[in-house]
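Residue strings, one per chain:
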Amino acid sequence: MKKLKQNHQVRNIAIIAHVDHGKTTLVDAMFKQSGVFRQGLEVEERIMDSLDLERERGITIAAKNCAVMWKGIKINIIDTPGHADFGGEVERSLSMADGALLLVDASEGPLPQTRFVLKKTLEAGLKIIVVINKIDRRDARIGEVLDEIYDLFIDLDATEDQLDFSVIYCIALEGIAKRNPDDREQNLDILFDAIFEEIPAPAYDPDKPFQMLVSDLGYSDYLGRLAVGRVFNGRARQSDQLVRLGSGNSKEVLRITKLQTYAGQDLKEIEEVLPGDIAVISGIEEVYIGDTICTREHPVPLKRITVDQPTVSMRFSINTSPLAGREGKYVQSSRIWERLSRETLRNVAIRVEKTQDRDSFLVMGRGEFQMAILIETMRREGFELSVGRPQVIIRYEGEKILEPMEHLFIDCDETFMGVVTEKLSLRRGRMTNLVNHDTGRIRIEFTIPSRGLIGYRDEFLTDTKGTGIMNSYFIGYQKFRGDFPTRFMGSLVADRSGSAVAYALSNLKARGNLFITPGEMVYEGMIVGEHNREHDLNVNVCKEKKLTNIRAAGKDDAIILPPVLPLTLERALHFIREDEQVEVTPLSIRLRKAELSASKRHSSRPRD
């Protein structure tokens, strides 16, 4: 067997972790110590969370690349998302790495999303260094967490080599890494040295010509489309004549107009890229994630990046409400289709299909949270659209009906166990494990259909008074578990257009919870609240008080309405039924019936 060479001047690592375990904070500390920032420069926290949504929610949504130098060695860092809904980002980012830092909170331990990203890493055969972060927490339980990590590795069928991992103890916020929790280290030298010594240098075949796998895409106003990926073999220089190999053996000739690599967060122009490095190539008119860029003389494709199949679908359509076009910049179906198609280029886990209705499209992805992020991003870009309720994608094997199933972890106070298990059993959940450490809190595990979790998070937080923690990951398709009610309460639906009046709203307080405040514009078919009974109720929120010349004590007291909880996108998606939609504009989120006319809804209602 031919012996491969290694590029010892480069290390490629991915940082994987559950949401909020300190991954982006650790990258900040690595930047500071490696000299990416000059002395005295003021830098924002969580610099890798460059998207507004990432900063607001404190999570990593899109995988990003950066690089630091340590003792003359270039370390390419891939910051991966910690949420299973963004699994496509995890899979494509791992294709560029030779090793990974598994970051785990010293108190919370390995949580479900940790399991998801670690499973992908073990399957890729990467060398893993375990970093136990936040060891300065008062509730840190370092020994128990390390045991849980070993159990997780064994449960995921890790090999003996993978089980022989190094452990580093870290306080990312202060930029400290230690081999033992009681050491007095004051910097990240231990972590950098471990990466240098334990993560293998990228291997390549010296006899093979240039081959690069496209793992990410970018765009520059000056350079056009950018292809980002790891160079597996050979070298390339600016102005080289290359070829892009797409799916189905399609070929496109290209010339490199600019060759760049990462230096810190920024890109640096270079003359030549070496095997093992991560390169950014411009000069390609059309390129997709998973394509191979290679020489014209030896067009040999690399294995394409594959991701798990979508499990959730949603219908995106133009906004057809009477208030359409007042707040959005892009309202046409052609613009929405163009934007969704562009999303599929960057996000391999998203798929889009046209429907028989030319003004609506079927968008498929990995979870409702991923869909909510896409919708929120689009509305911030100026789009106006309507979206339907998230639906799970059902499969058929002969006569068997299969549906996506989740492994659900619940961490809550012992007193809430009854209400939680009752609600989840109604949603076809089955308890598989219960752990009680006599601390007042318990951990329960369920298997539950993915559709059973749509809309449950808000209900769960209410039932546990905001103290419960809920996490899940996709475990595959299983036998369909039967129907169950998605919502027990009906909707309060406006029966006419106009402006909401405080007098009318005060008379509806006893009917349920309101979603609107006085002065808001409404239209026929718009949902203005949740009815406290199971059926829908048409209401007049524009009704004004009759004026008379008679006065009596207490007749004109000020009207006091209960506070209205702001309607967020996730709350709206969780609330709607199959015959309802969410109207999304850059300034507003409204709920509406798919059929706005009350008379048409009444005539089409099934008769007993």
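Because the structure is predicted, anything quoted here is derived from the model rather than measured.

Conventions adopted
Residues numbered from 1 in each chain as written. Predicted model: local features only at pLDDT ≥ 70, side-chain atom pairs only at ≥ 80, totals over all residues. Heavy atoms only, no water. Helix = DSSP H or I, 4+ residues; strand = E, 2+ residues; numbered from the N terminus. Buried < 20%, exposed > 50% of the residue type's maximum accessible area, 1.4 Å probe, protein only. Contact = heavy atoms within 4.5 Å. Areas by Shrake-Rupley, 256 points an atom, 1.4 Å probe, with all protein chains shown as cover. Pairing = 2+ DSSP bridges. Arc of directions from axis to C-beta. Salt bridge = Lys/Arg side-chain N within 4 Å of Asp/Glu carboxyl O.

Novice: Any chance you could explain the overall build of the protein here in plain terms?
Specialist: Across its full length, the protein holds 15 helices and 37 strands. In the protein, buried positions account for 54% of the 608 residues. Considering only residue pairs separated by 6 or more positions, the protein has 71% of its internal contacts joining residues 24 or more positions apart. Working note: accessible area of the protein is about 29,300 Å², and carbon and sulfur atoms make up 48% of it.

Novice: Looking at this model, I keep getting lost on the pairing of strand β28 (residues 441–449). Mind explaining?
Specialist: As a general feature of sheets, a regular strand has side chains that alternate between the two faces. When you tally the buried positions in β28, you get seven out of nine residues, the bulk of the element. As judged from the nine bridges shared by strand β26 (residues 400–413) and β28, these two strands associate in the antiparallel manner. Residue pairing across strands places Glu-406 opposite Ile-448, the latter belonging to β28. From the end of strand β27 (residues 430–436) to the start of β28, which pair antiparallel, there are four residues, and Asp-438 there has a positive phi angle of about 60 degrees.

Novice: Mind showing me how you'd approach helix α12 (residues 456–463) here?
Specialist: Since the α-helix packs 3.6 residues into each turn, any two residues three or four apart lie on the same face. Within α12, the full set of buried residues consists of Tyr-456, Phe-460 and Asp-463. Across the axial projection of α12, the buried residues extend over an arc of 65 degrees, all falling on one side. Residues of α12 that are buried in the fold lie against β26, α10 (417–426), α11 (450–453) and β29 (469–479). Directly beyond the C-terminal end of α12, a positive phi value near 55 degrees is found at Lys-465.

Novice: Is there a simple way to explain unusual backbone geometry in this structure?
Specialist: Positioned with a positive phi, Lys-71 is a non-glycine residue whose angle comes to about 55 degrees. Structurally, Lys-71 is set in the loop between β3 (64–70) and β4 (73–79). By relative accessible area, Lys-71 is classed as exposed at 62%. Here Arg-428, not a glycine, exhibits a phi torsion of approximately 70 degrees, which is positive. When you line up the elements, Arg-428 lands in the loop between α10 and β27. Residue class for Arg-428 comes out partly exposed when judged on its relative accessible area of 35%.

Novice: Hey, could you run me through the pattern of salt bridges in this one?
Specialist: Oppositely charged side chains may form a pair once their charged atoms are brought near each other. Tallied over the entire structure, the rule returns 35 salt bridges. Salt bridges sharing partners connect three or more residues here, namely Asp-536, Arg-577, Asp-579, Glu-580 and Lys-593.

Novice: What am I meant to see in the environment of Glu-285 here?
Specialist: Its location among the elements puts Glu-285 in the loop between β18 (278–282) and β19 (292–295). Here the alpha-carbon distance between Glu-285 and Leu-226, two residues 59 residues apart in the chain, equals 9.0 Å. Not counting residues within four places of it along the chain, the set of residues in contact with Glu-285 comprises Arg-225 and Glu-252.

Honestly, that's just the spatial picture; any functional story needs more than this.
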